Amino acid sequence: VVPEAAPAESPAVFFLSDYGSVDEFVGVVHAVVYRLAPGVPVIDLSHRIPPFDIAAGSAMLVRCAPHLGAGVVLAVVDPGVGTARRAVAVETAGSTRAGPRWLVGPDNGLLTAMATVLGGAVRVVHLEGARSTFDGRDVFAPAAAHLATGGAPTALGTDIDPASMGAATPGPAPGPAVVGPEGPELVATVAWVDGFGNVQLDIGPERLDEIGMSPGDTARVWVATSPPEGVPVRRVAAFAALGAGELGVLVDANGRVALVVDRASAARRLDLVAPDPVRSPGVGHEVRVARVRP
Amino acid sequence: VVPEAAPAESPAVFFLSDYGSVDEFVGVVHAVVYRLAPGVPVIDLSHRIPPFDIAAGSAMLVRCAPHLGAGVVLAVVDPGVGTARRAVAVETAGSTRAGPRWLVGPDNGLLTAMATVLGGAVRVVHLEGARSTFDGRDVFAPAAAHLATGGAPTALGTDIDPASMGAATPGPAPGPAVVGPEGPELVATVAWVDGFGNVQLDIGPERLDEIGMSPGDTARVWVATSPPEGVPVRRVAAFAALGAGELGVLVDANGRVALVVDRASAARRLDLVAPDPVRSPGVGHEVRVARVRP
Amino acid sequence: VVPEAAPAESPAVFFLSDYGSVDEFVGVVHAVVYRLAPGVPVIDLSHRIPPFDIAAGSAMLVRCAPHLGAGVVLAVVDPGVGTARRAVAVETAGSTRAGPRWLVGPDNGLLTAMATVLGGAVRVVHLEGARSTFDGRDVFAPAAAHLATGGAPTALGTDIDPASMGAATPGPAPGPAVVGPEGPELVATVAWVDGFGNVQLDIGPERLDEIGMSPGDTARVWVATSPPEGVPVRRVAAFAALGAGELGVLVDANGRVALVVDRASAARRLDLVAPDPVRSPGVGHEVRVARVRP
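Residues numbered from 1 in each chain as written. Chains lettered and ligands numbered in written order. Predicted model: local features only at pLDDT ≥ 70, side-chain atom pairs only at ≥ 80, totals over all residues. Heavy atoms only, no water.

## Focus on the sheet that holds strand 5 (residues 102-106) of chain C
For clarity, the threshold we go by: DSSP calls a pair of strands paired once it identifies at least 2 bridges connecting them. Each helix is a run of H or I in the DSSP string that is no shorter than four residues. Each strand is a run of E no shorter than two, and both are numbered from the N terminus. Interaxial angle, 0 to 180 degrees, is taken between N-to-C directions of lines fitted to C-alpha atoms, where a helix line uses only the stretch in contact. Only heavy atoms enter the contact rule, under which two residues are in contact if any of them lie within 4.5 Å.
As summarised here, the arrangement of the seven strands in space is 2-1-3-5-4-6-7 (chain C), forming an open sheet in which the pairing is mixed. The strands lining the two open edges of the sheet, one partner per strand, are strand 2 (42-46) and strand 7 (157-160) of chain C. Mean inter-strand twist for the sheet, computed between neighbouring axes without regard to direction, equals 25 degrees. Taken strand by strand, helix 1 (residues 25-36) of chain A contacts strand 1 (12-17) and strand 2 of chain C, and its axis lies near 150 degrees from that of strand 2 of chain C.

Structure representation (structure tokens):
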């Protein structure tokens, strides 16, 4: 048994962006934080958020939230750089377990859902420093370093009403389970396709329970490109329970429902590859799951 | 002259996986290790192992082994996540020079060859914690942090017989040099194609000596797609000794024989680009080298 | 207002290369530095310099220079590995603000422009250690670790004349503004295309002033693939001031003139995508900007 962790007191800066890995943007931000807060490590969550895809960045922050320790989240996905959109530092309420206390980034909805997951925003400071076309380097990194070393928030700007924060991108609200022509069914939406091709839906396992789909049970799923009869799917507890090429549904490591194939891409199995110019490939597609004998 | 290094006493966690760089998997593992072992840096070896390619991960670990300092190797290439394959921590015998003492990961052959290179497995602990579909985060990272901070192995699980460890993927055993119709020749196998297109073979320079191929000597090589007369090749000591587009053979920085082109891709020069669905592109191809006048 | 930073005393190693992110090269260099200098963090600037593109590496170092703190720059873009080209450590004069004191890498022009930006080379040490085909691991990393921990330069090799350093790749010297058939115009060269498709030119904003192009003013630009009438462009202060798909020119975060499109790729808008086998895609293209009513 792995011993339970004592929450680390040492703060880190957790860094997410759409800067990519080709240019020096990420490295320069690391250098700026190190100059100002040399004892605080910068831990990269990802810099491969699709350019300007606020919803994908927000979703990743929510997935990461339960696993981060003390410190500051520095997140930059910022199509509005240079506009009137505000730069903010958000203090979260904390929770029973340790986690990041501050979130720093643009006030465009990127941080809002993570703040909610971390207990809610109890304070929002409007970062009033000079702007550039590289706010990550010039505004957000210095603010994150300042907060990570215990600096006073009042040195960064003035308090604003937390209720005025930019709203999180509203996902489609999953509808209730219904009894369709062929049996109980539900409709969900693709929330994430990871690098292995696993297709995470925006629902938890209780939605599978609603349509009476327990581990071992079978059903069919449809996406826009599916044949009329749909694609057979079986609920399993682990990838390895699936046969070669078989589509499965399981509760993934984030506690969400995911469509998967063992050692292969479920996104490709479902032809979920059509690029969407705005969102990550596959994300946003509607998926219907019905308890039909495959 | 660069002064000789005193072996560092400070442990690190050396992290290799097939997680890729798009998703947050690597960052979350860093965050988990930092929470549990804030003073221990995590050094990324690579996370671009082809998905589930245990042999490629094993080969990279072997190449890295001589260059790592004290600490723990955390390696995850794990097609069997969720199956009965065991999670293990392997203690190595050490050697005359400092190096990692523990290897943590799945017991699927990934760690076996590296353990041998590091002096052999003297102890294997079966990690008995709860499983998830993200063992890297939930099982391996906490175990690595625990061992890197000097925690007792007994807290992680029970000892098992080192001889029961998963076998390393057996590579093709290079055959002996023979005298072919056109002169002395040998057959080797492509072990690695790096990002520059250098083609490392699974043989050391003593095999070139066997066919009497000294620096400056010429020969011909054949892969599956080569023309009947083969491709001329010259043994050199450095890339820069080659003419534009000329194929060379040299002893690379790992002490292995490699086919190279100066400032260009030898893999492309040899048409070694056909993707193999299971292994890394080009890896596993057979290469024949014969002392034929080009 | 973000408080002004006190220059950090803690040195770092700032690491740039063309090693890519697939192989273990970067990780092994990190491991070597950590063994020799465990208290010194290695900050990656980028490892995705196009293979052997010295000019692209040099340009990135120059862009990074104003933002780095104390320490050592370790830069490896090295088509001449194994040749007589020297390995060097360059001590810079420093400046009014803190920055890296030493630059370590090949003497092939890669470091020269950065040394100039950092106040000029006051001392150059010829690194006389044994060579391999992986000098980054075997020569440069140990030297950088040695200098970052305050080791004596004399232990690394012998002093050579700073004036003998390899010359920086000369960029095309931007010509003077002229009055063309249709009005004042200038000719510049593409210096960098970043991952968002922003096209940085090799000129500062004073060149726009020369042709009387102030914020809000319009002009036309031509690249090799442009239609005869050119492409309309408007000078703006921020991406967000542009309409959908509109081409803009602004002063970017490096203080250079850049062609941009809001939330889209200016390189693609200008058809600047033709790959050049030697340089980064798009880099080196000539751009003509003329004050013609669009």
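Here the narrative resumes.
## Here's the deal with helix 2 (residues 54-64) of chain A
The test is simple: Under the scheme applied here, a residue whose accessible area is under 20% of the maximum for its type counts as buried, over 50% as exposed, and between as partly exposed, the area being computed with a 1.4 Å probe on protein chains only.
By the criterion of burial, helix 2 of chain A is predominantly enclosed, with nine of the 11 residues buried. Within helix 2 of chain A, the full set of buried residues consists of A:I54, A:A55, A:A56, A:G57, A:S58, A:M60, A:L61, A:R63 and A:C64.

## What about the packing of helix 1 (residues 25-36) of chain B against helix 4 (residues 135-148) of chain B?
Residue and element names in this part refer to chain B. So the rule is basically this: An angle counts as roughly parallel when it lies under 35 degrees, as roughly antiparallel when it exceeds 145, as roughly perpendicular when it falls between 65 and 115, and as oblique in every other case. Should the near helix be turned anticlockwise from the far one by less than a right angle, the crossing is left-handed, and should it be turned clockwise, the crossing is right-handed.
Where helix 1 meets helix 4, the axes come as close as 9 Å, and the angle between the chain directions of the two elements is 40 degrees. Between helix 1 and helix 4, the angle is such that the two are oblique. Regarding helix 1 and helix 4, the two cross each other, and that crossing is right-handed. Residues V28, V29, V32, V33 and L36 of helix 1 form the contact with helix 4, whose participating residues are G136, R137, A141, P142 and A145.

## Remarks on the interface of chain C and chain A
Using the following cut-off: Buried area is understood as the total, over both parts, of accessible area removed when two parts are fitted together, assessed with a 1.4 Å probe. Basic side-chain nitrogens of Lys or Arg form a salt bridge, by our definition, when they fall within 4 Å of a carboxyl oxygen of Asp or Glu. Residues are grouped as follows: Ala, Val, Leu, Ile, Met, Phe, Trp, Tyr, Cys and Pro are nonpolar; Asp, Glu, Lys and Arg are charged; all remaining types, including Gly, are polar.
Taken residue by residue, the interface counts 39 residues in chain C and 32 residues in chain A. A buried area of about 2,900 Å², summed over both sides, lies between chain C and chain A, and 64% of it is on carbon and sulfur atoms. Where chain C touches chain A, the interface holds one salt bridge. Across the pair C:R63 and A:E24 runs a salt bridge, and its minimum N-O distance is 2.6 Å. Taken together, the elements giving at least two residues each to the side of chain C that touches chain A come down to strand 1, strand 2, helix 2 (54-64) and strand 9 (183-193) of chain C. Considering every element that reaches the side of chain C that touches chain A, the biggest residue donor is strand 2 of chain C, with four residues. Looking at the side of chain C that touches chain A residue by residue, the class counts come to 25 nonpolar, six polar and eight charged.

## A short note on the interface of chain B and chain A
At the interface, 33 residues of chain B touch 40 residues of chain A. The junction of chain B with chain A conceals about 2,900 Å² of combined surface from both sides, 64% of it contributed by carbon and sulfur atoms. If you sort the residues of chain B by the area they bury against chain A, B:E24, B:Y34 and B:R35 come out on top, with a joint share of 25%. Put simply, the parts of the chain that give the side of chain B that touches chain A at least two residues each are helix 1 and helix 4 of chain B. Counting residues per element, the side of chain B that touches chain A draws most heavily on helix 1 of chain B, at nine residues. Considered class by class, the residues forming the side of chain B that touches chain A number 18 nonpolar, 10 polar and five charged.

Don't take any of this as a statement about function, it's just geometry.
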